[in-house]
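# Residue-level structure breakdown
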Amino acid sequence: MRHPSLANIEWQDLRQLSLGETVYNTFLSLPFLLLSWWSAWQGWWLLALVATFFFFTAALRQAHDCYHRTLGVSKVVTELMLFMLSITMLCSTHAIRHTHLNHHRDPLGESDVEGNWASLPWYQAILGGGLFSIMIQWFGLTHGSRSNRILVAFDMLLISAVIASAFITMHPILIYHVLVMILANTMVGFFAVWSVHHGCDDMVYARSERHPLINLLTFNLLYHIEHHLFPAVPTNHLPTLAKRLDVAAPQWTQQPVIPLLAAANQHQQSSVTQKSNSLDTEISLIKES
């Protein structure tokens with residue numbers, strides 16, 4: 001049941017996606033994946049790593065939208081997308097879907113295997129990232145329905161085939177991709193869970209970022225309290241939802257993901273306001289004289 005303070009928030013109009021938005025959602029990570037492979041083939045490792053970062057972040061968004069059926073495609077295409085993402089990200093997205101939806105049913109509660117990672121100190125959340133990746137997939141495998149366990153098993157079979165192919169052929173692109181995906185999966189617990197839930201409680205249980213550059217680089221994934229409050233709203237439209245929440249129910253959006261950036265922004269806005277007030281005062285004095 002939604003909190004009374006959210007009763008007047010308009011959000012149903014944000015559920016609809018245009019054809020262009022759906023195409024964007026479907027192919028978002030593909031250019032970065034191809035760029036990372038091409039850069040690795042050329043031996044341009046720095047460019048490859050940058051492209052891989054954006055691929056994995058974009059793929060996280062795609063998988064997340066698949067979990068909530070907000071990608072803008074049919075159920076069949078959603079399932080196919082999850083298989084493709086499992087192969088390229090080297091994690092079972094079908095298992096994580098079950099764990100993530102449970103996270104939404106009981107955010108930061110006793111059964112929330114995903115969200116409770118945020119209760120750890122930051123350094124433990126980073127160092128234990130490999131364990132987190134195993135935990136969320138294991139929970140999805142052991143607690144999901146029989147049909148979902150079959151999907152997870154198929155994910156695992158495909159992932160094993162990719163890893164085996166890499167080490168049998170020793171193809172440099174495959175080896176590179178496998179190694180960086182293993183590393184990327186160990187960072188999910190910190191960047192995708194700890195960063196947006198640490199220091200929260202069972203009332204306001206997620207944070208939200210407002211810095212435009214950070215949101216651009218993370219494909220709007222850090223509008224997190226907005227997503228929790230209205231999970232049926234596609235990621236494309238979370239910035240619009242955030243503006244509505246800031247006006248109508250700001251008590252939900254006061255915890256930034258990166259507090260230092262928020263403090264710097266507030267300081268800058270305060271300085272601008274003071275300069276504006278000072279200028280207004282000078283103009284008034286000139287007029288009076």
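Keep in mind it's a predicted model, so treat the numbers as computed, not measured. Throughout, residues of each chain are indexed from 1 in the direction in which the sequence is written. It should be noted that, the model being predicted, local features are given only for residues of pLDDT at least 70 and side-chain atom pairs only at 80 or more, the latter also being counted only at that level, while totals for whole chains, interfaces and linings use all residues. Derived side-chain values reflect all non-hydrogen atoms in the structure, with water molecules and hydrogen atoms excluded from consideration.

## Regarding the overall build of the protein chain
The line we're drawing: The numbering of helices and of strands both runs from the N terminus, where a helix is a DSSP run of H or I of at least 4 residues and a strand a run of E of at least 2. Type-normalised accessible area, obtained with a 1.4 Å probe on protein chains alone, sets the label of each residue: buried when under 20%, exposed when over 50%, and partly exposed for intermediate values. Whether two residues are in contact is decided by their heavy atoms, any of which lying within 4.5 Å being enough. Residue exposure ignores everything except the shown protein chains as possible cover, and the areas themselves are Shrake-Rupley values with a 1.4 Å probe.
When helices and strands are counted, the protein chain shows 13 helices and zero strands. Moving toward the C terminus, one meets the helices and strands of the protein chain in the order α-α-α-α-α-α-α-α-α-α-α-α-α. Residue burial in the protein chain is summarised as follows: out of 289 residues, 45% are buried. Sequence separation of 24 or more characterises 67% of the internal contacts of the protein chain that already satisfy a separation of 6 or more. Accessible area for the protein chain stands at about 15400 Å²; split by element, carbon and sulfur atoms hold 68% of it.

## Some remarks on the side chain of histidine 104
As a reminder, the rule being used: Nitrogen and oxygen atoms within 3.5 Å of one another constitute a polar contact, given that in protein one can donate a hydrogen and the other can accept it, and given that sequence-neighbouring residues count only through two side-chain atoms.
Residue position: histidine 104 is located in helix H5 (residues 93-105). For histidine 104, a relative accessible area of 16% gives the class buried. A polar contact is formed between the side chain of histidine 104 and the side chain of histidine 68, at a distance of 3.3 Å.

## Regarding helix H12 (residues 238-248)
Formally: Read the arc as the range of directions from the helix axis to the C-beta atoms.
When H12 is considered as a whole, its buried residues turn out to be Leu238, Leu241, Ala242 and Leu245. The arc that holds the buried residues of H12, viewed along the axis, is 105 degrees, so those residues lie on one side. Those residues of H12 that are exposed and angled more than 90 degrees off the buried face are Lys243 and Val247.

## Quick look at the packing of aromatic side chains
Centre distance and the angle of the planes are the two values used to describe a pair of aromatic rings. Heads up, the condition is: Pairing of aromatic side chains here covers Phe, Tyr and the six-membered ring of Trp, requires ring centres within 6.5 Å, and sorts the geometry by plane angle: under 30 degrees stacked, over 60 edge-to-face, intermediate tilted.
Throughout the structure, instances matching the rule amount to twelve aromatic pairs. Taking 5.5 Å as the distance between ring centres and 45 degrees as the angle between the ring planes, the aromatic pair formed by tryptophan 11 and phenylalanine 230 counts as tilted. Taken as a pair, tryptophan 11 in the segment before helix H1 (19-27) and phenylalanine 230 in the loop between helix H11 (224-229) and H12 lie far apart in primary sequence, 219 residues in all. As far as the burial class goes, tryptophan 11 and phenylalanine 230 line up, both buried. Ring geometry for tryptophan 117 against phenylalanine 132: centres 5.2 Å apart, planes inclined by 50 degrees, an arrangement best described as tilted. Note that tryptophan 117 is positioned in the loop between H5 and helix H6 (122-127) and phenylalanine 132 in helix H7 (residues 129-143), a separation of 15 residues in sequence. Exposure remark for tryptophan 117: the relative accessible area of 7% places this residue in the buried category. The class of phenylalanine 132 is buried, set by a relative accessible area of 1%. Ring pairs connect the aromatic residues Phe32, Phe53, Phe54 and Phe219, which therefore count as one cluster.

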